[in-house]
Structure formats: C-alpha cells, structure tokens
Amino acid sequence: FKTPRHVQDQRVRLWWISVYRIRALCMELLGYDPEMENFDQSPYHDNEQGSQGGKTLAIKASGLVPLIEGHHHTRQRWTGNFTTFSDKQRILDGELPYVELMFMGTPGDKKEMRLKAYAQSKGYGSWLTVACSERGSYRAADVLDFLEKHLPQLRQGRRWRLMFADDFGPHKSEAVKRLCWMRGYIMVPHGGGSTPVTQTPDTHLNQHVRRKYLAKESVELIRLMREQGGVPRVGEECSIDVMAEILRDPTLHIRAAEGYLQTGAKAALDDSSLDAFIVKEAGDIWNREHMREKINKEVKRVRFEA
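S.K.: Looking at this model, I keep getting lost on the pairing of strand β3 (residues 99-104). Mind explaining?
M.R.: Counting buried residues along β3, 5 of its 6 residues qualify, which places the element largely inside the surrounding structure. For strand β2 (residues 77-85) and β3, the ladder comprises 3 bridges, and the chain directions are antiparallel. Across the sheet, Asn 81 pairs through a bridge with Glu 100, a residue of β3.

S.K.: I'm lost on the packing of aromatic side chains in this one. Help?
M.R.: Aromatic ring pairs are defined here through the distance separating the ring centres and the angle between the ring planes. Scanning the model with the defined rule gives 14 aromatic pairs in all. Considering the side-chain rings of Tyr 44 and Trp 78, the 5.0 Å spacing of their centres and the 25° angle between planes classify their relative orientation as stacked. In this pair, Tyr 44 sits in strand β1 (residues 35-45) while Trp 78 sits in strand β2, placing the two residues 34 residues apart along the sequence. When sorted by exposure, Tyr 44 lands in the same class as Trp 78, which is buried.

S.K.: Just checking my understanding: could you explain the sheet that holds strand β6 (residues 185-187) for this structure?
M.R.: Within a beta sheet, neighbouring strands are joined by backbone hydrogen bonds and run either parallel or antiparallel to one another. Here we have 6 strands laid out as an open sheet, ordered β4-β3-β2-β1-β5-β6, and mixed in their pairing. Only two strands of the sheet have a single partner each, and these edge strands are β4 (128-133) and β6. Mean inter-strand twist for the sheet, computed between neighbouring axes without regard to direction, equals 25°. In the sheet, strand β5 (residues 161-164) pairs with β6 via 3 bridges, with the strands oriented parallel. From the neighbouring strand, Met 163 faces β6, where its bridge partner is Met 187. Packing of helix α1 (residues 5-30) onto the sheet brings it into contact with β1, β5 and β6, and relative to β5 it is tilted by some 165°.

S.K.: In this structure, what is going on with the pattern of salt bridges? I would like to understand it.
M.R.: Pairing is possible between side chains of opposite charge, provided their charged atoms come close. A full pass over the atoms with the stated rule returns 26 salt bridges. One salt bridge in this structure joins Arg 223 and Glu 227, with 2.7 Å as the shortest N-O distance. Highlighted residues: Arg 223 and Glu 227, both in helix α8 (residues 200-228), separated by 4 residues, approximately one helical turn. Exposure remark for Arg 223: the relative accessible area of 35% places this residue in the partly exposed category. Residue classification places Glu 227 among the exposed positions, given a relative accessible area of 55%. Ionic contacts of the salt-bridge type, sharing partners, join the residues Glu 35, Glu 37, Arg 90, Glu 95 and Arg 161 into one network.

S.K.: What's the story with the nonpolar core in this structure? I'm lost.
M.R.: Buried together is how nonpolar side chains tend to be arranged in soluble globular proteins. One finds Phe 82, Val 209, Ile 240 and Met 243 to be the most contacted residues of the largest nonpolar core, which totals 28 residues. Elements with a contribution of two residues or more to this core: β2, β3, α4 (110-121), β4, α8, α9 (236-247) and α10 (250-262). Tallying contributions element by element places α9 first for this core, with 7 residues. Formed by 25 residues, the second largest nonpolar core is a distinct cluster that contains Ala 267, Leu 269, Met 291 and Ile 295.

Rules used throughout
- Residues numbered from 1 in each chain as written.
- Predicted model: local features only at pLDDT ≥ 70, side-chain atom pairs only at ≥ 80, totals over all residues.
- Heavy atoms only, no water.
- Buried < 20%, exposed > 50% of the residue type's maximum accessible area, 1.4 Å probe, protein only.
- Helix = DSSP H or I, 4+ residues; strand = E, 2+ residues; numbered from the N terminus.
- Pairing = 2+ DSSP bridges.
- Phe/Tyr/Trp six-rings, centres within 6.5 Å; stacked < 30°, edge-to-face > 60°.
- Axes fitted to C-alpha atoms, helices over the stretch in contact; angles between N-to-C directions.
- Contact = heavy atoms within 4.5 Å.
- Salt bridge = Lys/Arg side-chain N within 4 Å of Asp/Glu carboxyl O.
- Core = buried A, V, L, I, M, F, W, Y, C linked by side-chain atoms within 4.5 Å.

Shown next, in the form of structure tokens:
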C-alpha cells in the first residue's frame with residue numbers, strides 16, 4: 001500500500017462518488033451514460049527482460065554463465081503511454097485504444113523524426129504515435145501533446161466522455177483539464193495511492209502487455225545473440241513493432257474494458273444488479289464502505305438538483 005488503508009478507502013470512495021454523480025447528471029441532462037477512458041504511463045527499458053531480473057540462459061552445470069546483457073541497457077528507460085476504453089463496441093468496431101511510445105532523445109531531432117517515419121512507413125495508423133524526451137518519460141508539455149494528438153474533436157453528435165488518469169502532477173494541471181473539456185472529456189483523476197484498485201490500465205492491461213512484451217523481446221534477444229554475438233539490444237524500431245503487434249489484439253482491450261465494471265466505475269446507477277461483478281480490492285472497499293447505499297443517495301440528490 002502506498003497509503004494507509006483508511007486513506008485509500010476514503011480516496012476510492014470519493015472517486016466513485018464523483019464518477020457516479022457525473023454519470024447521473026449526464027443521464028438527466030443529456031439522456032445517456034457517458035463512455036470512459038483511462039490513460040497511464042508505464043516504464044520500459046532497452047533490455048526489459050534484464051531490468052525485470054529475468055533468468056540468464058546458459059547450459060546447466062557448465063560452470064560458466066556468459067554475460068548476455070549490458071547493464072546500462074537495463075537502466076535506459078523509455079515509456080509506453082497506454083489507454084483503455086469502457087465501451088466494448090468501439091473496440092469490436094475496429095477502433096484501437098490509442099498509445100504512444102516515448103524514447104530518450106531531444107524532441108524534434110533526427111532520432112524522433114526517424115522513429116516517426118518508421119512507424120508511419122509500417123502503416124500502424126494514428127492510434128500509435130512515437131515521441132522523444134530527454135529522460136524518456138512524460139512531463140506536462142508531453143502529456144498535453146499526447147492528448148492533442150489523440151483526443152478527437154467535440155463535433156455535433158459525439159457524446160461526452162469521462163477521462164481518468166492517475167495522481168500525477170501534469171495530469172492534474174489546469175491546461176490538461178481545459179484541453180479535455182474542449183474535446184468533450186471530463187477529467188476525473190484517481191486519488192493518490194488508489195490506482196491499484198480503480199485504474200484499469202494498472203488492473204487489467206499493463207501486466208498483460210508487459211508479459212507479452214517480455215516474451216517477444218526474449219525471442220529477439222536470443223536471435224541477436226546467435227547471429228551477432230556480444231551484448232544484444234533490440235532497438236527502438238523493434239520495440240515499436242513488438243508493441244504494435246501486442247496492442248493490435250482486440251481481446252486484450254476487451255478484457256481491459258471489463259475492468260471498468262470490476263473496479264466499480266460502471267455499476268448500475270439505481271440498483272445493485274451489477275455490484276457482484278466488482279471484485280478484488282475494489283469489491284472489498286465497495287462492501288466495506290457500503291457504497292451501494294452511498295451511491296443511491298448521491299444519484300437521488302443529483303436528480304433532485306437537476
């Protein structure tokens with residue numbers, strides 16, 4: 001736990017109340033329950049298998065274990081910025097949750113242009129973008145750039161959506177909230193320390209992406225060792241290809257979409273018919289905090305005020 005249990009319970013409870021109040025207001029004023037999205041950054045490294053402490057391949061009882069990684073490759077960071085959708089139909093209709101891969105480099109330099117050109121040449125489409133920053137991680141300007149690229153314009157007929165992100169300073173800036181609002185999104189950040197309970201990229205996506213990435217990266221590292229020898233490194237282009245292959249799988253995103261109910265964000269507004277599907281830590285807090293009674297009161301209050 002990053003926070004004491006009672007603090008985590010309070011932050012999760014307040015986040016749920018905010019989400020259900022907005023959903024109820026949207027139903028009253030606009031006549032529909034809004035879709036939800038959640039973006040989240042996850043760190044990777046040039047040798048992610050080594051960074052995760054993976055086993056070294058060697059002949060058993062040979063007495064010698066060869067060095068198969070450069071230590072600095074296990075510390076050279078890049079970032080995957082992944083998204084989940086609550087609406088399964090969008091995914092079934094062929095829309096992929098958007099993603100950005102950010103590598104270390106100077107924004108606008110030759111490396112960034114090369115990687116962008118590579119992704120474009122592979123035909124991955126606008127759902128996958130590539131960027132560079134000095135540290136290979138996101139700052140406020142990078143978050144704004146990411147959202148500028150991927151959030152669609154609010155055009156006539158398109159419904160409002162809820163946007164979630166974790167308790168990270170750049171996510172909570174007024175500029176981000178304003179940009180989301182202009183694109184038809186209402187930003188509702190998760191409380192600090194509550195993301196392992198309610199954030200669907202953490203609970204239903206990232207672990208599966210990393211597991212698949214490690215497996216594919218290991219195959220590539222072994223191939224490089226056999227062909228070239230020495231200390232291997234898969235390279236940015238290979239990382240782009242592997243992530244594109246993994247994240248084009250719709251079943252991965254359908255499973256993540258189910259997480260919006262399992263983490264408590266998408267239960268019914270009026271009754272407990274779906275509450276049994278809220279599971280794990282979210283289910284424990286939901287029951288411990290008597291959330292159904294609280295949600296019913298908040299929904300009634302919103303309807304009266306509307």
